[in-house]
Amino acid sequence: MKFKRLGSTGIKISPIILGTMQFGWRINEEESFKVMDKAIELGINCFDTADIYSRRANSYPGKSEEIIGKWLKDRKIRNDLILATKLRGAMSDDINDKGLSRRHVRQAIVGSLKRLQTNWVDLYQIHSFDNDTEIEETLHALNILVDEGLVNYLGASNVHPWQLVESFWISEKYGYARFETVQPPYCIIRRMLVEHQMCHVIKKYRIGVISYSPLAGGFLTERYSREQSLPDTPRGEGAQKRYFTDKRWKIHESVREIAESKDVKMTQIALAWVLTKDIITAPIIGANSVKQLEENIGALEIKLEENEIKKLDEISDWIPDFEAIR
Ligand SMILES: NC(=O)c1ccc[n+]([C@@H]2O[C@H](COP(=O)([O-])OP(=O)(O)OC[C@H]3O[C@@H](n4cnc5c(N)ncnc54)[C@H](OP(=O)(O)O)[C@@H]3O)[C@@H](O)[C@H]2O)c1
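Residues numbered from 1 in each chain as written. Predicted model: local features only at pLDDT ≥ 70, side-chain atom pairs only at ≥ 80, totals over all residues. Heavy atoms only, no water.

**Quick look at the pairing of strand β5 (residues 82-87)**
Then comes step 1: Summarising burial for β5: six of the six residues are buried, a large majority.
Then comes step 2: Both faces of β5 are covered, namely the face carrying Ile-82, Ala-84 and Lys-86 and the face carrying Leu-83, Thr-85 and Leu-87.
Then comes step 3: Relative to β5, strand β4 (residues 46-48) is paired through three bridges, and the arrangement is parallel. Paired with Asp-48 across the two strands is Ala-84, which belongs to β5.
Then comes step 4: With respect to chirality, the unit in which β4 leads through helix α2 (residues 63-75) into the neighbouring parallel β5 is right-handed.
Then comes step 5: Strand direction decides the pairing type here: β5 and strand β6 (residues 121-126), joined by four bridges, are parallel. In the sheet register, Thr-85 faces β6, and the bridge partner there is Tyr-124. (Buried < 20%, exposed > 50% of the residue type's maximum accessible area, 1.4 Å probe, protein only. Helix = DSSP H or I, 4+ residues; strand = E, 2+ residues; numbered from the N terminus. Pairing = 2+ DSSP bridges. Right-handed = clockwise from strand over helix to strand, strands pointing away.)

Structure (structure tokens):
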């Protein structure tokens, strides 16, 4: 496993991160333990979670962190792991138990550390910005957590480039820790959020990029095709609403074609394509079983030829309305 530097920070992470959004609702505790054990065995040293995972009808917010916490306590490998979590989502019906106010930042870290059964979080990410709180208040509150040693680095998910740049100016002005990473969605059918303006901010400020949904939540697998009915998965309808367009089916078919020609899985081609992009530090994968995890990590062994990359790049290219400033 070739480890990568996380942006400008001094830490190194595996080129693939294990996502844990599915723990506690899609897969139970026992299966989650097996997936985490296998991830460590395969050389993954970074896990991503969030306080609100798994807020679902059959689960509750905090469950994913709870499962990780139990596993960490049992396996006693906290020091070997780069642990990333997030805050901002509603943890209860209490109007103040969400967002990025000073009050909730404190409440959120106390809750996450307790559930994760650890004294520190390596990467603490805002899940998105909170339009009801001034960014100065949030950054001040987060900076205190860094000073206290509860958090090593800060990150930001689902943010606009201008918000990130503004946050850098504020961090610099007050001497606060800045956001060292971004966590946007990125895959072959969803490129624009990274490749449009964010990529310039990432390069200029040397930010680490840990992108999510590299398989478009499972759409980029053999289980989906234009001809067949929806696969039996709770994510099927979401995929249908978001991704079933002619252009995306064409990309899907190209990924399938290349996978078949190399006798590998579509997941591996979709992930291998993300891994060719220098702008991405590491994609975060969601695996529901050891089998899925092993298959996905297999992408690290896949070598896409120049002509294959070109074909995939071209078929998935996006065209901005204001091409002149691309
Ligand atoms: N910051 C954010 O807002 C945000 C949002 C989303 C995700 N994330 C993070 O990113 C992680 C990954 O996101 P994601 O789950 O959307 O990633 P993904 O890798 O695009 O999709 C994972 C889904 O793909 C399917 N899958 C995975 N491996 C497979 C295989 N080998 N064969 C067949 N199907 C396979 C499974 O679908 P089925 O469940 O249908 O079996 C699984 O749930 C999350 O766990 C979370 O840590 C962050």
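**What about the layout of surface pockets?**
Then comes step 1: For the largest pocket, the calculated volume is near 1200 Å³.
Then comes step 2: Forming the boundary of the largest pocket are 47 residues, of which Met-21, Ser-213, Gly-217, Gly-218 and Arg-235 lie nearest the centre.
Then comes step 3: Per-class residue counts for the lining of the largest pocket are 14 nonpolar, 20 polar and 13 charged. (1 Å grid on protein atoms, 1.4 Å probe; cavity = no way out; pocket = protein on both sides within 12 Å on 5 of 7 lines; lining within 4 Å. Points joined across faces, edges and corners; volume = space filled by probe spheres on them. Nonpolar A, V, L, I, M, F, W, Y, C, P; charged D, E, K, R; others polar.)

**Considering the site of the ligand**
Then comes step 1: In the region of the ligand, 31 residues are neighbours, and Asp-48, Ser-213, Thr-233, Arg-235 and Asn-288 sit closest.
Then comes step 2: Taking Thr-20, its main chain carries an N or O atom lying 3.2 Å from an oxygen atom of the ligand.
Then comes step 3: Take Glu-295: an N or O atom from its side chain is 3.1 Å from a nitrogen atom of the ligand.
Then comes step 4: Here the ligand loses 93% of its free accessible area of 890 Å² to cover by the protein chains.
Then comes step 5: Counting only elements with at least two residues in the shell around the ligand, the list comes to β10 (282-286) and α11 (290-297).
Then comes step 6: Tallied by class, the residues present in the shell around the ligand amount to eight nonpolar, 17 polar and six charged. (Near = heavy atom within 4 Å. Polar contact = N/O pair within 3.5 Å; in protein donor to acceptor, adjacent residues only side chain to side chain. Areas by Shrake-Rupley, 256 points an atom, 1.4 Å probe, with all protein chains shown as cover.)

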